[in-house]
Amino acid sequence: MHRVVAALALVLWCIAFALPASAASRVALVIGNSNYQHVGQLPNPKNDADDIAATLERIGFTVRKATDVTFDGMRQALSVFSHDAAQADMAVVFFAGHGIEVDKHNFLLPTDAELESDLDVSFQTVSLDMVVDAVSRAHSLRLVFLDACRNNPFANRMRLSDATRSIGRGLSPFEPKGTTIVFYSARDGTVASDGSGRNSPYSQALLKYLPQADLDVDKMLRKVREDVLKATNGAQEPTAYGLLPSDDIVLVPSRSAVSLVENSSSQAPPPAPAVDQAAAEWTTIDNTDSQAILQTFIQAHGDTFYAKYAQARLAELQERDKQRQQSLDQQSGQQQPAQPTLQQASQDSLQSAQQQYNVSSAAPTPQSRHWYLATYSNVDFYGGDLYAKGLESASLDQCAQTCAGNLSCKLFTYNSAKNRCFPKSGFSYAQIMSGAQAGYFFESERRDQAPAFKAEWEIFVKADLLGGDKYFARAPSYDDCLLMCKSDQSCRAFSYVPFGKSKSCWIKTFAAALPTYSQKTERGIVSGRRVDMVVRADGVYDTAARY
């Protein structure tokens, strides 16, 4: 009897450990951090994580998903996943959220990070090396997808412990070992867009190509790159680091290949062709405002998860129309208030914008909150760009309309010299810059409650501030030069010179009253000086609700 019990126990033990090993031959860890505690929230990473996790599960991956994860949570998730990867043929990590580069090393930000100095990075963030280590023991393929090349949200407050260290823009290049691919959502040194729809452009492209049958991984990465370049007008270029073997590797085998092993494999079959068709069609209409198009899509693809996106988008548009109608009903019979006078050249363009922002003409009633657009002359909101190189915009009016039509856009800066618009999801700091025009959407009970901002710097492009030189140091970028000056209490101004034998940052104890322009400075010199002044709105205008 004891022998029978022992034999049965041995069989049960073997089953218990054999089944997970089979099910875990393709494993994935998906992390999406949206709700950061000490900086502005990112709208899409949680959505991206939910959708990527669901897609990976459908194509046969065993997925662990974590959203809005703290430092301890991220480290624990990677530790547990590393054991999964050691038993797997394929291991995938997807991360959406903030990522930063310090001294040529890359770090992913948990939601509880609060970085006041470059020294805090080692103790409050997760290094990219740790993420790559987590997938490194998978037997055949290791993939790391990083939708994390956004602006450093702590750049305006981080102190440098050593002037030789640097805080970069975006992420720096990374060379993994073995059959490992690290796929950035944007080229090193550039930033990625969070997107105006449910997903970022990068995640949206991944969702399109991950489920495609017989698609080699290397070709999939190239297709994602092309889609993102097209979606961002060339502003964002996904880049892969690492090498794949010469043989093709596919995540979703063809239907005929799956049928040969479906009796012996625990992996889920690939999605039906209808899902691929729905995915392809959804990428062309996901930003549509046509309720008829969305209803047609739902009728055609009601059995796919893309139909859920369409239903959510349709409900959003219907609710917006309902609120707009309620607003119009409230305005019925009321007299339009006079609008404030605009300053100088921006008067005509912003008055015409009044008609195109879905402007509410009714005066706010007591205890009711309304949305307004505040404008600031000669002000640049730095950071938080939704498009790395901005968008062409013929006028300030068009720039404001572009931001008003994108709920991810909270504010903008318009460069009148280059006719470029920079829609932003947030910003690091305000600075004085001649010729720049900024706009900020805010919700309040009264129009006179427009926010004021403290501007610590006045920036001069293609101009030098003479005198007061204390010392100079090498700096790879203008941002690094500014941070050097900020970290030195005696620095009252700086000049960044990006030519000559090396790129130099001149730290100054005082600055000339007026900048000096010359033919030589046309080659890219940028200067700045401390001003420590409060910036207030010079115009406030009613605008449509932004929910």
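All figures in this text were calculated on a predicted structure; none of them were measured in a lab. (Residues numbered from 1 in each chain as written. Predicted model: local features only at pLDDT ≥ 70, side-chain atom pairs only at ≥ 80, totals over all residues. Heavy atoms only, no water.)

J.: So what exactly am I meant to see when it comes to the confidence of the model for the chain here?
T.: Caution applies to low-pLDDT regions: their predicted coordinates should not be interpreted in detail. Of all residues in the chain, 74% have pLDDT values of 70 or greater, and the mean over the chain is 76. Every residue in residues 1-24 scores below 50 in pLDDT, and together they form 8 contacts with partners more than four places removed in sequence or on other chains. When the criterion is pLDDT under 50, residues 335-367 qualifies, and its contacts beyond four places in sequence or with other chains add up to 56 contacts. (pLDDT = per-residue confidence, 0-100. Contact = heavy atoms within 4.5 Å.)

J.: What's the story with the pattern of salt bridges in this structure? I'm lost.
T.: Pairs can form between side chains of opposite charge whenever their charged atoms are close. Within the structure shown, the criterion is met by 14 salt bridges. A salt bridge links R64 to D84; its shortest N-O distance comes to 2.4 Å. Separated by 20 residues along the polypeptide, R64 in strand β2 (residues 62-67) and D84 in helix α3 (residues 71-86) bring together distant segments of the chain. Between K508 and D469 there is a salt bridge; the shortest N-O distance is 2.5 Å. Residue K508 is located in strand β18 (residues 504-508), and its partner D469 is located in strand β16 (residues 469-474); the two are separated by 39 residues in the primary sequence. Through salt bridges with shared partners, one network takes in K46, D50 and K65. (Salt bridge = Lys/Arg side-chain N within 4 Å of Asp/Glu carboxyl O. Helix = DSSP H or I, 4+ residues; strand = E, 2+ residues; numbered from the N terminus.)

J.: Any chance you could explain unusual backbone geometry here in plain terms?
T.: The bulk of non-glycine residues show a negative phi, and the bulk of peptide bonds are trans. In the Ramachandran plot, N233 falls in the positive-phi region, its phi being about 55° despite a non-glycine side chain. One can find N233 in the loop between α7 (217-231) and β9 (239-241). You can call N233 exposed: its relative accessible area is 65%. The backbone of N419 shows a phi angle near 50°, a positive value even though the residue is not glycine. (Buried < 20%, exposed > 50% of the residue type's maximum accessible area, 1.4 Å probe, protein only.)

J.: Even after reading the chapter, I still don't get the nonpolar core, so can you show me in this structure?
T.: Nonpolar side chains in soluble globular proteins tend to be buried together. F81, F95, L128, V131, L146, V182 and Y184 are the most contacted members of the largest nonpolar core, which has 42 residues in total. Mapped by element, the contributors of at least two residues to this core are β1 (26-32), α3, β3 (90-96), β4 (99-102), β5 (105-108), α5 (128-135), β7 (141-147) and β8 (180-184). Looking at this core element by element, the count peaks at 6 residues for α3. Non-local contacts of L146, meaning those with residues more than four positions away in its chain, are made with F95, L108, L128, L171, V182, F183, Y184, S185 and Y202. (Core = buried A, V, L, I, M, F, W, Y, C linked by side-chain atoms within 4.5 Å.)

J.: In this structure, what is going on with the sheet that holds β2? I would like to understand it.
T.: By way of backbone hydrogen bonds, the strands of a sheet pair with one another, either parallel or antiparallel. One open sheet accounts for 6 strands, arranged β2-β1-β3-β7-β8-β9; its pairing is mixed. Each of the sheet's edge strands pairs with one partner strand only, and the pair in question is β2 and β9. On average, each strand axis in the sheet is tilted by 10° relative to the strand beside it, whichever way the strands run. Relative to β8, β7 runs parallel, the two being bridged by 5 bridges. By the bridge assignment for β8, V144 is matched with V182. In the packing of helix α6 (residues 201-209) onto the sheet, the strands contacted are β3, β7 and β8, and the crossing angle to β7 comes to about 145°. Sheet strands in contact with α7 are β7, β8 and β9, and its direction is about 10° off that of β7. (Pairing = 2+ DSSP bridges. Axes fitted to C-alpha atoms, helices over the stretch in contact; angles between N-to-C directions.)

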